[in-house]
Amino acid sequence: MRTLILGGVRSGKSRMAEQLALASGQPVTYVATARADDDEMLRRVEQHRRRRPAGWDLIEAGDDLAVRLQEAAAPDRCLLIDCLTLWLTQLLCTEDEAHIEREREALIATLPTLPGTIIAVSNETGLGIVPLDALSRRFADEAGALHQRLAADLDRVVLTVAGLPHVLKGPVVNA
């Protein structure tokens, strides 16, 4: 099962992903994409760390997310990727168009083919106002396009609002 969990900031999407990972009954590898470059982000990362069971493995992935997922995936393993939009933000900050496209396309090609249980978390950005600055508009456009392409190829897509799952595609959530 390959699941994409979307939602706004503090919508409960990470908790939902963690519950699904636990419910899988498989060993879990948490794939973190955040960079803690400031105190606020350090606090967020620490909150996520405290919630994770001690037995979960951890991979801190950078731009090379697709490669790291290919290395870690196994038929009897659950990969929980948190979060695709943080990964996308880091890519957009490189300003290397060829690199951005190469890594994005690698992820889109890789996720549907991975063995085991895959749970990817991402921020839904298309529900708010159009951002004023060019980089923010580009981010929203890129995130929306990424989500649409992944949603077409993955088994289940869940929108999380106020901690409640709304299944947009695929089987119901039993977590």
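For the structure itself, look to the data block above.
A quick note: this is a predicted structure, and the numbers were derived from the prediction, not measured.

What follows deals with the packing of helix 3 (residues 65-72) against helix 5 (residues 97-110). Closest axis-to-axis distance for the helix 3/helix 5 pair is 8 Å, and the angle between their directions is 30 degrees. Taken together, helix 3 and helix 5 sit at an angle that is classed as roughly parallel. Contacts between helix 3 and helix 5 pair L65, A66, L69 and Q70 from the former with E103, A106, L107 and T110 from the latter. Partitioned by chemical class, the residues of the contact of helix 3 with helix 5 number five nonpolar, two polar and one charged.

This brings us to the pattern of salt bridges. Counted according to the given criterion, the structure contains 13 salt bridges. With a closest N to O distance of 3.9 Å, E46 and R50 form a salt bridge. With a gap of four residues between them, E46 and R50 both fall in helix 2 (residues 39-51), about one helical turn apart. We classify E46 as partly exposed; its relative accessible area is 31%. Salt bridges here are not isolated pairs; linked through shared partners, they connect E97, R104, E105, R138, E142 and R149.

This part covers the pairing of strand 2 (residues 28-32). A regular strand carries its side chains on alternate faces of the sheet. Across the five residues of strand 2, five count as buried, placing the element largely inside the fold. Burial of the side chains of strand 2 extends over both faces: V28, Y30 and A32 are buried on one face and T29 and V31 on the other. By the bridge criterion, five bridges tie strand 2 to strand 4 (residues 78-82) in an arrangement that is parallel. By the bridge assignment for strand 4, V31 is matched with I81. Note that strand 2 and strand 3 (residues 57-60) share four bridges and pair parallel. Counted as the bridge partner of V31 is I59 from strand 3. As a crossover connection, the stretch from strand 2 through helix 2 into strand 3 is right-handed.

Moving on, we get to the nonpolar core. By size, the foremost hydrophobic cluster in this structure holds 29 residues, and its most contacted members are L65, L69, I81, L84 and L111. For this core, the elements supplying multiple residues, two or more each, are strand 1 (2-7), helix 3, strand 4, helix 4 (84-94), helix 5, strand 5 (117-123) and helix 6 (134-153). If you tally residues by element for this core, the top one is helix 4, at five residues. Discounting chain neighbours no more than four positions away, the residues touching I81 are V31, T33, L65, L69, L111, I118, I119, A120 and V121.

The strand order across the open sheet formed by seven strands is 3-2-4-5-1-6-7, and the pairing between neighbours is mixed. Every interior strand has two partners, whereas the edge strands, strand 3 and strand 7 (164-169), have only one. Strand after strand, the sheet turns through a mean of 20 degrees between neighbouring axes, direction not considered. Helix-sheet contacts for helix 3 involve strand 2, strand 3 and strand 4, and the interaxial angle to strand 4 is about 160 degrees.

Below, the discussion takes up helix 4. What helix 4 keeps buried is the set L84, T85, W87, L88, Q90, L91 and L92. Here the buried face of helix 4 lies against strand 1, helix 3, strand 4, helix 5, strand 5 and helix 6. Where helix 4 ends, the next residue or the one after it, E95, has phi of about 60 degrees, a positive value.

Along the polypeptide, N123 turns up in strand 5. For the pair N123 and A140, spaced 17 residues apart in sequence, the C-alpha separation works out to 9.9 Å. Aside from chain neighbours lying at most four places away, what touches N123 is G7, G8, V9, K13, C83, T85 and H147. Reaching out from N123, the side chain makes a polar contact with the side chain of K13 at a distance of 3.0 Å. At a separation of 2.8 Å, a polar atom in the side chain of N123 contacts the side chain of T85.

Cut-off values and rules
- Residues numbered from 1 in each chain as written.
- Predicted model: local features only at pLDDT ≥ 70, side-chain atom pairs only at ≥ 80, totals over all residues.
- Heavy atoms only, no water.
- Axes fitted to C-alpha atoms, helices over the stretch in contact; angles between N-to-C directions.
- Helix = DSSP H or I, 4+ residues; strand = E, 2+ residues; numbered from the N terminus.
- Parallel < 35°, antiparallel > 145°, perpendicular 65-115°, else oblique.
- Contact = heavy atoms within 4.5 Å.
- Nonpolar A, V, L, I, M, F, W, Y, C, P; charged D, E, K, R; others polar.
- Salt bridge = Lys/Arg side-chain N within 4 Å of Asp/Glu carboxyl O.
- Buried < 20%, exposed > 50% of the residue type's maximum accessible area, 1.4 Å probe, protein only.
- Pairing = 2+ DSSP bridges.
- Right-handed = clockwise from strand over helix to strand, strands pointing away.
- Core = buried A, V, L, I, M, F, W, Y, C linked by side-chain atoms within 4.5 Å.
- Polar contact = N/O pair within 3.5 Å; in protein donor to acceptor, adjacent residues only side chain to side chain.

By themselves, these figures tell us nothing about what the structure is for.
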